[in-house]
Amino acid sequence: MTLPKTYADGNCPLARTLEVVGERWTLLIVRDAFYGVRRFGDFATQLGIPRAVLTNRLKSLVQEGVLTREEGGAGGIEYRLTDKGVALWPAVHALMNWGESFYSPNGVKRVLRHDLDGGLLDRDGRCRDCGSAVPVPEIRVEPGPGFQPTGTEVDPVSGAINTPRRLLEPIATAHNPG
Ligand SMILES: [Zn+2]
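Conventions used here
Residues numbered from 1 in each chain as written. Predicted model: local features only at pLDDT ≥ 70, side-chain atom pairs only at ≥ 80, totals over all residues. Helix = DSSP H or I, 4+ residues; strand = E, 2+ residues; numbered from the N terminus. Buried ≥ 20, exposed ≤ 12 C-beta atoms within 10 Å, placed from the backbone. Contact = placed C-beta atoms within 7 Å. Pairing = 2+ DSSP bridges. Core = buried A, V, L, I, M, F, W, Y, C linked by C-beta atoms within 7 Å. Domains from an automatic or database assignment. pLDDT = per-residue confidence, 0-100. Axes fitted to C-alpha atoms, helices over the stretch in contact; angles between N-to-C directions. Left-handed = near helix turned anticlockwise from the far one by under 90°.

### Looking at the overall build of the protein chain
Okay, step 1: Secondary structure assignment for the protein chain yields seven helices and five strands.
Okay, step 2: The linear arrangement of helices and strands in the protein chain, starting from the amino end, is α-α-α-α-β-β-α-α-β-β-α-β.
Okay, step 3: By the burial criterion, 22% of the 178 residues in the protein chain qualify as buried.
Okay, step 4: The long-range fraction of contacts in the protein chain, counting pairs at least 24 apart against all pairs at least 6 apart in sequence, stands at 54%.

Here you go:
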């Protein structure tokens, strides 16, 4: 739900941010974009989101400059995070950590590592092995001990996301064989 324009604290940066990414589904779309999802159909498959809502959210993220909408290699339209979108990573990471702490009783669902040396990322996004603040394209995400695949028939998008991989690398699916 968009906050009313007359919101009392309209100058608050957090209120402004929530107008962009605070709607239901929006941060999940952004998260999937970090996981390499780029195609409308792949977002729809992975999130199970109503298509009209997905259309609306993608449009608003493009308008806000969080995503770009462009022709992909195979001719379809692709949505990709801009620098402004990638700058949301620390917020997405912090919310993921919070969820892992309080809503993941069986253990961490997704483990983040520095792909260059395999070091685990700490909560601030630093590599525990080399100590560097790991840039987003060098972060590898992989299923953790608390990860439980849902159902027996895993869709190809979820299958790709749940294979250890670097953030932002495009997933390979039927629509996107690269
Ligand atoms: Zn490292």
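Let us keep going from here.
### Digging into the pairing of strand E1 (residues 67-71)
Okay, step 1: The pairing of E1 with strand E2 (residues 77-81) spans five bridges and is antiparallel. Bridged to Glu70 within E2 is Glu78.
Okay, step 2: The antiparallel pairing of E1 with E2 creates a hairpin that spans five residues between the two strands, and Gly75 there sits at a positive phi of about 95°.

### Considering the sheet that holds strand E3 (residues 110-114)
Okay, step 1: Taken together, the three strands give an open sheet; going across it, the order is E3-E4-E5, and neighbouring strands pair in antiparallel fashion. The outermost strands of the open sheet, each flanked by one partner alone, are E3 and strand E5 (165-166).
Okay, step 2: Pairing of strand E4 (residues 139-143) with E5 involves two bridges; the strand directions are antiparallel. The partner of Arg140 across the bridge, within E5, is Arg166.

### Focus: the nonpolar core
Okay, step 1: Ranked by internal contacts, the top residues of the largest apolar core, which has 24 residues, are Ile29, Ala33, Val37, Leu67 and Ile139.
Okay, step 2: Elements with a contribution of two residues or more to this core: helix H2 (26-34), helix H4 (51-63), E2, E4 and helix H7 (156-161).
Okay, step 3: For this core, the domains that each give at least three residues are domain 1 (13-84) and domain 2 (86-166).
Okay, step 4: With residues up to four places along the chain from it excluded, the contact list for Leu67 reads Ala33, Leu58, Leu61, Val62, Tyr79, Arg80, Leu81, Thr82 and Gly85.

### So, the confidence of the model for the protein chain
Okay, step 1: In the predicted model, the protein chain carries a mean pLDDT of 89, and the fraction of residues at 70 or more is 89%.
Okay, step 2: The least confident element of the protein chain is H7, whose mean pLDDT is 81; the most confident is helix H5 (residues 83-86), at 98.

### Some points on unusual backbone geometry
Okay, step 1: Positive phi is not limited to glycine here, since Trp25 has a value of about 85°.
Okay, step 2: The class for Trp25 is partly exposed, based on 15 C-beta atoms found within 10 Å.

### Re the environment of Val136
Okay, step 1: Within the element layout of this structure, Val136 appears in the loop between E3 and E4.
Okay, step 2: On the basis of neighbour count, Val136 is assigned to the partly exposed category, with 17 C-beta atoms found within 10 Å.
Okay, step 3: Separated by 50 residues in the primary sequence, Val136 and Val86 place their C-alpha atoms 7.6 Å from one another.
Okay, step 4: Once residues within four sequence positions are removed from consideration, Val136 is found in contact with Val86, Trp89, Leu167 and Leu168.

### Structural notes on the environment of Asp42
Okay, step 1: Structurally, the position occupied by Asp42 is in helix H3 (residues 40-47).
Okay, step 2: The class of Asp42 is buried, set by 27 C-beta atoms lying within 10 Å.

### Topic: H2
Okay, step 1: Within H2, the full set of buried residues consists of Thr26, Ile29, Val30, Arg31, Asp32 and Ala33.
Okay, step 2: Note on H2: the residue one or two positions beyond its end, Gly36, has a positive phi of about 100°.

### Structural notes on the packing of H2 against H3
When two helices pack together, their arrangement is given by the angle between the helix axes and the distance between those axes.
Okay, step 1: For the pair H2 and H3, the least separation of the axes is 11 Å and the interaxial angle reads 115°. As H2 packs across H3, the resulting crossing turns out to be right-handed. Packed against H2, whose contacting residues are Leu28, Ile29 and Asp32, the element H3 presents Phe43, Gln46 and Leu47 at the interface.

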